Amino acid sequence: MTVNDDSFTIWKNREEIAESMIPIIGKLHRERDVTVLLHSRSLVNKSVVSILKTHRFARQIAGEELSVTETMPFLQALTALDLGPSQIDIGMLAATYKADDRGLSVEEFTAEAVAGATGADKIERREPRDVVLYGFGRIGRLVARLLIEKAGSGNGLRLRAIVVRGGNRPAEDLVKRASLLRRDSIHGQFNGTITVDEANSTIVANGNAVKVIYANDPSEVDYTAYGIKNAILIDNTGKWRDREGLSKHLRPGVDKVVLTAPGKGDVPNIVHGVNHDTIKPDEQVLSCASCTTNAIVPPLKAMDDEFGVLRGHVETVHSFTNDQNLLDNYHKADRRGRSAPLNMVITETGAASAVAKALPDLKAPITGSSIRVPVPDVSIAILSLRLGRETTREEVLDYLRNVSLTSPLKRQIDFTTAPDAVSSDFIGSRHASIVDAGATKVDGDNAILYLWYDNEFGYSCQVIRVVQHVSGVEYPTYPAPAV
């Protein structure tokens, strides 16, 4: 048998194991509300090849071999446990088991590592929380995809309605909106089926009936008329940024409002993973800040925790957005009227000033600027820092790699060592930002981090995490991240 034959045999064996993993992962998700992860990446509803690729990618990040032959025993051990709603990382289980020298069996080690998901500490399954989307643009549709995906277990969050502008409803309006949800030029096909019930003004996505409500103002809607109660409303329009404006959404049936743009005044700006635990239980209005704020704040916090940050500057090279013109035309901003797909456009960013709201303990001054460039999605933030002590490139990279794997920020910060990485490689990333190891520069007490981020999908994932937190369905992760 040749080397090539050996490689093919190994691949087929792993392919068979990955195929047998799929029904186990699906059953845990549907019946027990358990999301199986591999180094923070969900394996729910993934294909055989996707599962194998995720294992391969995990090896690149962790710097060590990881195969389905190693993770499958832990997945099988989970099926014997009486688990409650949770997220369980079989990649972390396999990695920590390797380092454990107590001679425990896989079953014993797994039961110990996920003990909080069983027994007296087990979380009971809850009734799903109603969610309403106000606005159905780029972020609104991606958030809808994620909400429908999260409804797979029948618990957690349930998208009940979408509110769009009213007026004279054009013919086939609902069909066109459903089509935009079904197909996306950047993010591809919707993972599932979508049908339209025009008579009842409803889009049915993977069995979830979502009412489409036409209204020109929040005051026109009584959500209880649609059977919606105690809902979290996600405002994707950005039309209202302060507490007074956003409070217009607090109509019958709506309990809380979450803005997918930077909030003004006393509206809390929340970056999940950093300050989401500061949200007061009775807070009814909050913001998820901006995509760039979500990209820079987690790594900024991580760097400050370990090295101290004395000052910083962030330059974002940002993909163009719908608030720019396709061709030169009038725009209230100075440069955004110039053609977005034909120019690099210098503009402003409020992300640097927003750092103070998300990281009030960080005393370092942070400045920022931005350039919009002719790509439709994925941006990069270049974070230049003056640190509190001298360090080396190796120390910084080792630290950030470990942060991405084992810390409480592992869902926010990802890490890539790919030498040829470019922006399109990160379309669909669920992390707030991805550290580019190859581009990182360190000289004494100066560090420059290059942080990729999917400013559409990665940000939408952060929004969902905040909504899960305030709704009480943000389930714990096992093994617990290192503090």
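Please read all numbers here as calculations on a predicted model, not as lab measurements. Note on numbering: residues in each chain are counted from 1, in written sequence order. Local features are withheld for residues below a pLDDT of 70 in this predicted model, meaning they are given only at 70 or higher, and side-chain atom pairs are given and counted only at 80 or more; totals for whole chains, interfaces and linings count all residues. Side-chain calculation: all heavy atoms of the structure are included, whereas hydrogens and water are not.

## Details of the packing of helix 3 (residues 68-79) against helix 4 (residues 90-99)
When two helices pack together, their arrangement is captured by the angle between the axes and the distance separating the axes.
Line of reasoning, step 1. Axis geometry follows a simple rule: fit a line to the C-alpha atoms, using only the stretch in contact for helices, then measure angles between N-to-C directions, giving values from 0 to 180 degrees. Numbering of helices and strands runs from the N terminus; a helix is a DSSP stretch of H or I covering at least four residues, while a strand is a stretch of E covering at least two. With their axes 9 Å apart at the nearest point, helix 3 and helix 4 run at an angle of 110° to one another. It follows from the interaxial angle that helix 3 and helix 4 lie roughly perpendicular. Like other packed secondary-structure pairs, helix 3 and helix 4 cross with a definite hand, here right-handed. Listed contacts from helix 4 to Glu-70, Thr-71, Phe-74, Leu-75 and Leu-78 of helix 3 are Ile-90, Leu-93, Ala-94, Tyr-97 and Lys-98.
Line of reasoning, step 2. In this classification, the charged set is Asp, Glu, Lys and Arg, the nonpolar set is Ala, Val, Leu, Ile, Met, Phe, Trp, Tyr, Cys and Pro, and all remaining amino acids, among them Gly, are polar. Residues of the contact of helix 3 with helix 4, tallied by class, amount to seven nonpolar, one polar and two charged. In this scheme, roughly parallel covers angles under 35 degrees and roughly antiparallel covers those over 145, while 65 to 115 is roughly perpendicular and the rest are oblique. Throughout, a crossing is termed right-handed when the near helix is turned clockwise from the far one, and left-handed when it is turned anticlockwise from it by less than a right angle. Throughout, a contact is declared for two residues whenever any of their heavy atoms are within 4.5 Å.

## Re the pairing of strand 9 (residues 202-205)
Line of reasoning, step 1. Here the rule is simple: two strands pair whenever DSSP picks up at least two bridges between them. Two elements, strand 8 (residues 194-197) and strand 9, share four bridges in a ladder whose sense is antiparallel. Directly across from Asp-197, in strand 9, lies its bridge partner Thr-202.
Line of reasoning, step 2. Between strand 8 and strand 9, which pair antiparallel in sequence order, lie four residues; one of them, Ser-201, sits at a positive phi of approximately 50°.
Line of reasoning, step 3. Inspection of the sheet shows strand 9 paired to strand 10 (residues 208-214) by four bridges, in the antiparallel sense. Residue pairing in the sheet places Ile-203 in a bridge with Val-210 of strand 10.
Line of reasoning, step 4. Hairpin connection between strand 9 and strand 10: a loop of two residues separates the two successive antiparallel strands, and Asn-206 in this loop has a positive phi of roughly 50°.

## Notes on helix 10 (residues 351-358)
Line of reasoning, step 1. Among the residues of helix 10, those classed as buried are Ala-351, Ala-352, Ala-354, Val-355 and Ala-358. What you see down the axis of helix 10 is that its buried residues fit within an arc of 150°, all on one side.
Line of reasoning, step 2. Lining the buried residues of helix 10 we find helix 9 (291-307), strand 14 (309-319) and strand 16 (366-373). The buried label applies to any residue whose accessible area, calculated with a 1.4 Å probe on protein chains only, is under 20% of its type's maximum; exposed applies above 50%, and partly exposed to all values in between. Each direction from the helix axis to a C-beta atom contributes to the arc, which is the arc of those directions.

## Topic: the pattern of salt bridges
Line of reasoning, step 1. For salt bridges, the criterion is a side-chain nitrogen of Lys or Arg within 4 Å of an Asp or Glu carboxyl oxygen. By the definition in use, this model includes 26 salt bridges.
Line of reasoning, step 2. Glu-15 is paired through a salt bridge with Lys-12; the nearest N and O atoms lie 2.9 Å apart. Here Glu-15 pairs with Lys-12, and both are found in helix 1 (residues 3-32), just three residues apart, close to one helical turn.
Line of reasoning, step 3. With a closest N to O distance of 2.9 Å, Glu-456 and Arg-138 form a salt bridge. Placement of Glu-456 in the loop between strand 20 (441-453) and helix 12 (457-471) and of Arg-138 in helix 6 (residues 138-150) is noted, with a sequence separation of 318 residues between them.
Line of reasoning, step 4. By sharing partners, the salt bridges in this structure join Asp-323, Arg-336, Glu-348 and Arg-372 into a single network.

## Topic: the sheet that holds strand 1 (residues 34-38)
Line of reasoning, step 1. In space, the four strands of this open sheet follow the order 2-1-3-21, with mixed pairing throughout. Looking along the sheet, the strands with just one partner apiece sit at the ends: strand 2 (41-42) and strand 21 (477-478).

## What to know about the packing of aromatic side chains
Line of reasoning, step 1. Any two of the Phe, Tyr and Trp rings considered here, Trp counted by its six-membered ring, make a pair once their centres fall within 6.5 Å; the pair's planes then place it as stacked at under 30 degrees, edge-to-face at over 60, or tilted in between. Considering all chains together, one arrives at five aromatic pairs under this definition.
Line of reasoning, step 2. Look at Tyr-97 and Phe-109: their rings are 5.2 Å apart centre to centre, the planes differ by 65°, and that puts the pair in the edge-to-face class. Taken together, the residues span a long stretch of sequence, with Tyr-97 in helix 4 and Phe-109 in helix 5 (residues 106-113) at a distance of twelve residues.
Line of reasoning, step 3. With a relative accessible area of 6%, Phe-109 lands in the buried category.
Line of reasoning, step 4. Between Tyr-134 and Trp-240, the ring centres sit 5.9 Å apart and the planes meet at 65°, which makes this aromatic pair edge-to-face. Pair noted here: Tyr-134 is in strand 4 (residues 129-134) and Trp-240 is in the loop between strand 11 (231-235) and helix 8 (243-246), with a separation of 106 residues, a long-range link. Like Tyr-134, the residue Trp-240 is buried in the burial classification.
Line of reasoning, step 5. An aromatic cluster is present here, built from Phe-74, Tyr-97 and Phe-109 joined pairwise through their rings.

## Section: the nonpolar core
Line of reasoning, step 1. Of all hydrophobic cores here, the largest spans 79 residues; its most connected members are Leu-133, Leu-300, Met-303 and Leu-400.
Line of reasoning, step 2. The residues touching Leu-300, leaving out its near neighbours within four places in the chain, are Val-309, Val-355, Leu-359, Leu-362, Ile-366, Leu-383 and Leu-385.
Line of reasoning, step 3. By nonpolar core we mean a set of buried residues, namely Ala, Val, Leu, Ile, Met, Phe, Trp, Tyr and Cys, connected to one another through side-chain atoms within 4.5 Å. The next biggest cluster of nonpolar side chains, apart from the first, holds 32 residues, and it includes Leu-43, Val-48, Val-68 and Leu-78.

## Some words on the environment of Arg-430
Line of reasoning, step 1. Looking at the element boundaries, Arg-430 is found in the loop between strand 18 (413-416) and strand 19 (433-436).
Line of reasoning, step 2. With 16 residues separating them in the primary sequence, Arg-430 and Asp-414 have C-alpha atoms 9.1 Å apart.
Line of reasoning, step 3. Residue contacts for Arg-430: discarding those within four places in its chain leaves Leu-146, Glu-149, Arg-411, Phe-457, Gly-458, Cys-461 and Arg-465.

## Some details on the sheet that holds strand 20
Line of reasoning, step 1. Pairing within the open sheet is mixed, and its seven strands lie in the order 15-16-14-17-20-19-18. Either end of the sheet is taken by a strand with one partner, and the two such strands are strand 15 (345-347) and strand 18. The average angle at which neighbouring strand axes cross in this sheet is 25°, direction not considered.
Line of reasoning, step 2. Where strand 14 lies against strand 17 (residues 379-391), eight bridges are found, and the strand directions are antiparallel. Residue pairing for strand 17: Val-314 is matched across the bridge by Leu-383.
Line of reasoning, step 3. Sheet strands touched by helix 9: strand 14, strand 16, strand 17, strand 18, strand 19 and strand 20. Its angle to strand 17, the strand with the most contacts, is close to 15°.

## Structural notes on the side chain of Ser-433
Line of reasoning, step 1. Position of Ser-433 relative to the elements: it lies in strand 19.
Line of reasoning, step 2. With relative accessibility at 0%, the residue Ser-433 sits in the buried group.
Line of reasoning, step 3. With sequence-adjacent residues up to four places away left out, Ser-433 is seen in contact with Ala-295, Pro-299, Gln-412, Ile-413, Asp-414, Leu-451, Trp-452 and Tyr-453.

## Some words on the side chain of Gln-87
Line of reasoning, step 1. Here Gln-87 shows up in strand 3 (residues 86-89).
Line of reasoning, step 2. Using a relative accessible area of 13% as the deciding quantity, one classes Gln-87 as buried.
Line of reasoning, step 3. Reaching out from Gln-87, the side chain makes a polar contact with the side chain of Thr-477 at a distance of 3.2 Å.
Line of reasoning, step 4. Leave out the neighbours within four places in its chain, and Gln-87 touches Thr-35, Leu-37, Arg-411, Tyr-475, Pro-476, Thr-477 and Tyr-478. What qualifies as a polar contact is a pair of N or O atoms within 3.5 Å, subject to a donor-acceptor requirement within protein and to the restriction that residues adjacent in sequence count only when both atoms come from side chains.

No statement about biological role is implied by the geometric values presented.
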